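Below, each chain spelled out in residue letters.
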Amino acid sequence: MYYLNILKEQIKLSFMSVAIFRANFILMLLQSITNSVLGILCVEFIYIHVDSIAGWSQNEMIILYCTSIIVNQIYRGLINPNHMRFIGSISSGGFDRMLVKPVNVIFQINTSSIDYSSLLSLIAPLVVMCLKINALDISITGFNVLLFLIFLANAVIILTSFMMLLYSLAFKYIKVHGLTGIYFILMSMSEKPKEIFSYKEVMYAFVFLIPSVPLANVPASLLLNKGNIPGMIAAAVSGMLFFLLSAVAIKKGIRKYSSASS
């Protein structure tokens, strides 16, 4: 209940910030929606020349792409602003304040600011996804939707944990903003069907080393009745593995952290 109350206050403060900078909010919202629509159109253009890619039809590929966008925008809306604040706080000394607060440090690293423009831009891919699902000649049950939502949440956990693991290097190497490039590579790979990998070893490398496959492939496959139990297990293990690794990395980093006041 204590942490829920903190989240409520953070939501209120973020909304107040949006109310003050309305023009910036509208511009960021338009930019996010435009990027989503352009990406979907690129997929449509590709399918003018081909019937399927790695066994994925046009509508299925767009659903996969929209799933990747949804995971991306949830991360950008809820987590990314706080990760950027975390990186900056280590060099500026603001991290000292996190350490003295009676709140779990990992909770503070991942929560506080909310980017409402990124969250509202989820509407475009969600609408497109619903339209494409209706156009498919397959039966999608409530159980499919439930699995999709569970592994969508797992995908957000994986992405959050993986980026937090990378950003934990800020305790040792202050300037780690260049690592955001890995984030864009990760999201770009997540838009591709896992079937494009000729060897299972390569595919599993993108599950347990650079976790792009679980971000969109697993939830989209489960929604489209293309998923399987081994894929679900691998995605769940990947989520737990990266969460534990990131938590350990943060704790080790804190022990090495030199206070700005020292």
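Shown above is the structure to which this text applies.
In this numbering scheme, every chain counts its residues from 1 along its sequence in written order. For this predicted model, a pLDDT threshold of at least 70 governs which residues receive local features, and a threshold of 80 or more governs which side-chain atom pairs are given and counted, while totals over whole chains, interfaces and linings are taken from all residues. Based on all heavy atoms of the structure, the side-chain values leave hydrogens and waters out of the count.

**Comments concerning the environment of Leu179**
Helix numbering and strand numbering both begin at the N terminus, where a helix is a DSSP run of H or I of at least 4 residues and a strand a DSSP run of E of at least 2. Position of Leu179 among the secondary structure elements: in the loop between helix H9 (142-167) and helix H10 (180-190). Along the primary structure Leu179 and Tyr167 are separated by twelve residues, whereas in three dimensions their C-alpha atoms are 7.7 Å apart. Non-local contacts of Leu179, meaning those with residues more than four positions away in its chain, are made with Met163, Leu166, Tyr167 and Leu169. Contact between two residues is taken to exist if any of their heavy atoms lie within 4.5 Å; hydrogens are not considered.

**Description of the packing of aromatic side chains**
When two rings of Phe, Tyr or Trp (its six-membered ring) have centres within 6.5 Å they constitute a pair, described as stacked for plane angles under 30 degrees, edge-to-face for angles over 60, and tilted for the intermediate range. Applying the stated rule across the entire model yields eight aromatic pairs. On the basis of an interplanar angle of 40° and a centroid distance of 5.4 Å, the ring pair of Tyr75 and Tyr183 is categorised as tilted. With Tyr75 in helix H3 (residues 58-78) and Tyr183 in helix H10, the pair connects residues that are 108 residues apart, well separated along the chain. Taken together, Tyr75, Tyr183 and Phe184 form an aromatic cluster joined through their ring pairs. Whether a charge lies above a ring is judged from NZ of Lys or CZ of Arg, which has to be within 6 Å of the ring centre and within 35 degrees of the ring normal. The ring of Trp56 carries Lys226 above its face, with NZ or CZ at 4.8 Å from the centroid.

**Looking at the nonpolar core**
Among the buried residues, those of types Ala, Val, Leu, Ile, Met, Phe, Trp, Tyr and Cys that are joined through side-chain atoms within 4.5 Å form a nonpolar core. Partly exposed describes any residue whose relative accessible area lies between the buried limit of under 20% and the exposed limit of over 50%, with all areas from a 1.4 Å probe on protein chains only and scaled to the type maximum. Counting residues in each nonpolar core, the largest one holds 55 residues, and the members touching the most others are Phe86, Phe95, Met129, Leu159, Met163 and Tyr167. Listed in part, the six residues of the second largest apolar core include Phe197, Met203, Phe206 and Ala234.

**Observations concerning the pattern of salt bridges**
Should a side-chain nitrogen of Lys or Arg be within 4 Å of a carboxyl oxygen of Asp or Glu, the pair is scored as a salt bridge. Evaluated as defined, the whole model comprises three salt bridges. Among the ionic pairs, Lys132 bridges to Glu44, the shortest N-O distance being 3.2 Å. A residue pair is termed long-range when its members are at least 10 positions apart, and Lys132 in helix H8 (residues 123-135) and Glu44 in helix H2 (residues 22-46) qualify at 88 residues. Classification of Lys132 as buried rests on a relative accessible area of 16%. The class for Glu44 is partly exposed, based on a relative accessible area of 23%.

**Comments concerning the packing of H3 against H10**
H10 packs onto H3 with a crossing angle of 150° between their chain directions and a minimal axis gap of 9 Å. Between H3 and H10, the interaxial angle falls into the category roughly antiparallel. Every residue of H10 that contacts H3 at Leu64, Ser68, Asn72, Tyr75 and Arg76 is listed here: Tyr183, Phe184, Met187 and Ser190. Residues were grouped as follows: Ala, Val, Leu, Ile, Met, Phe, Trp, Tyr, Cys and Pro as nonpolar; Asp, Glu, Lys and Arg as charged; and all remaining residues, including Gly, as polar. A class-by-class count of the residues in the contact of H3 with H10 yields five nonpolar, three polar and one charged. The axes used here are C-alpha line fits, helices contributing only the stretch in contact, and every angle between their N-to-C directions lies in the interval 0 to 180 degrees. In these notes the angle categories are as follows: under 35 degrees is roughly parallel, over 145 is roughly antiparallel, 65 to 115 is roughly perpendicular, and the rest is oblique.

**Section: the environment of Ile53**
Along the chain, the position of Ile53 falls in the loop between H2 and H3. Counting along the chain gives 19 residues from Ile53 to Asn72, while the straight-line C-alpha distance between them is 22 Å. Apart from the residues within four sequence positions on either side, Ile53 is in contact with Ile46, Tyr47, Met61 and Pro193.

**Overview of H10**
For H10, the full list of buried residues reads Tyr183, Leu186, Met187 and Ser190. Each buried residue of H10 sits inside an arc of 95° when the element is viewed along its axis, so together they form one side. Turned more than 90 degrees from where H10 packs its buried face, Phe184 and Ile185 sit exposed. Those residues of H10 hidden inside the fold are in contact with H3, H9 and helix H12 (213-223). Note: the arc covers the axis-to-C-beta directions of the helix.

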